[in-house]
Amino acid sequence: MSIIQRPKKSKPFPPSEYMKIIARLNVLKLLGKLYNDTFTVFGFYTRYVNIDGEPVEYRIMRIRSGRTGKTHAVLFDFMVPYHQISSEDLNAVISGDTDDLPYSEAYIRWLTNVIRLHRITDYVSACMAFCRGHFIDKCETLVVAV
C-alpha cells in the first residue's frame, strides 16, 4: 500500500477529485524515483470510506512494481482502513505522556496495553509489535501537499 499523507487538518476530498490529484502528483513517476523502479497501473477497485458518518465510494487505483511484480493500492491518509499514529505520538505513549494526544481514551488504552504486553521500550520495537512482526523494509508513505 502506498499512502499519500496530506497536511494535518486537511478535509477529505470528493471521489471525483481522486484521479485528478493522482494525475497532478504524477504518482507513477514519483514512486518510480523514490523506489528506483517503474510502476504501471494494474487496475482499480471500489473502497467505501466513512466520511462524517456516511459511506462514500471511491475508485482506488492499484499499481504494479516492474521490479518485484507486487501490487499496491494508492490511498490517501483518510482512506487507510486502520489507525495511523506519528512517531512522536507513539513515543509519547511509550513514555506515558498521553495527556495532549488527539486520540480517544480507548485507543490510547489499547496502545498502552500492547506496549506493556510486549514490554516495548522503544519506537522500533513498537513498530514491529504493531505490524505483527512483518519486516518493514521501506516506508511507503509519501508526504505531499494536496
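A word on the confidence of the model for the protein chain
Step number 1: Residue-level pLDDT values for the protein chain average 78, and 80% of them are 70 or greater.
Step number 2: Per-element mean pLDDT across the protein chain ranges from 43 in strand β5 (residues 141–143) up to 91 in strand β3 (residues 54–65).
Step number 3: Ignoring residues within four places in sequence, the model shows residues 133–146, a span with pLDDT below 50, making 34 contacts including any to other chains.

Focus on a nonpolar patch on the surface
Step number 1: A grouping of M19, V41 and F44 is seen on the molecular surface, where their side chains present a nonpolar patch of about 230 Å² in accessible area.
Step number 2: Within the secondary structure, M19 is located in helix α1 (residues 15–25).

Let's talk about helix α4 (residues 105–117)
Since there are 3.6 residues in each turn of an α-helix, residues three or four apart along the chain are aligned in direction.
Step number 1: Here α4 is 13 residues long and its end C-alpha atoms lie 18 Å apart, about the 18 Å a rise of 1.5 Å per residue gives.
Step number 2: Buried within α4 we find Y107, I108, L111, T112, V114 and I115. End-on view of α4: buried residues confined to an arc of 160 degrees, all on one side of the axis. Exposed residues on α4 whose side chains face more than 90 degrees from its buried face are E105, R116 and L117.

Some points on the packing of aromatic side chains
Aromatic rings considered in pairs are described by the distance between their centres and by the relative angle of their planes.
Step number 1: Taken as a whole and judged by the stated rule, the model has 5 aromatic pairs.
Step number 2: Considering the side-chain rings of F13 and F76, the 4.9 Å spacing of their centres and the 90 degrees angle between planes classify their relative orientation as edge-to-face. Of this pair, F13 sits in the loop between β1 (2–5) and α1 while F76 is found in strand β4 (residues 71–76), placing the two residues 63 residues apart along the sequence. Accessibility classification places F13 together with F76 in one group, the buried group.

Quick word on the pattern of salt bridges
Step number 1: Summed over the entire model, instances satisfying the criterion amount to 2 salt bridges.
Step number 2: Between K20 and E17 there is a salt bridge, with its nearest N and O atoms 3.5 Å apart. Of this pair, K20 and E17 both sit in helix α1, separated by 3 residues, roughly a single helical turn.
Step number 3: Residue K20 is classed as exposed on the basis of its relative accessible area, which comes to 51%.
Step number 4: Between R67 and D37 there is a salt bridge, and its shortest N-O distance comes to 3.8 Å. Residue R67 is located in the loop between β3 and β4, and its partner D37 is located in the loop between α2 (27–35) and β2 (39–51); the two are separated by 30 residues in the primary sequence.
Step number 5: We classify D37 as buried; its relative accessible area is 13%.

Rules used in this analysis
- Residues numbered from 1 in each chain as written.
- Predicted model: local features only at pLDDT ≥ 70, side-chain atom pairs only at ≥ 80, totals over all residues.
- Heavy atoms only, no water.
- pLDDT = per-residue confidence, 0-100.
- Helix = DSSP H or I, 4+ residues; strand = E, 2+ residues; numbered from the N terminus.
- Contact = heavy atoms within 4.5 Å.
- Patch = residues over 30% accessible without salt bridge, like charges linked within 9 Å, V, L, I, M, F, W, Y side chains within 5 Å.
- Areas by Shrake-Rupley, 256 points an atom, 1.4 Å probe, with all protein chains shown as cover.
- Salt bridge = Lys/Arg side-chain N within 4 Å of Asp/Glu carboxyl O.
- Expected span 1.5 Å × (residues − 1).
- Buried < 20%, exposed > 50% of the residue type's maximum accessible area, 1.4 Å probe, protein only.
- Arc of directions from axis to C-beta.
- Phe/Tyr/Trp six-rings, centres within 6.5 Å; stacked < 30°, edge-to-face > 60°.

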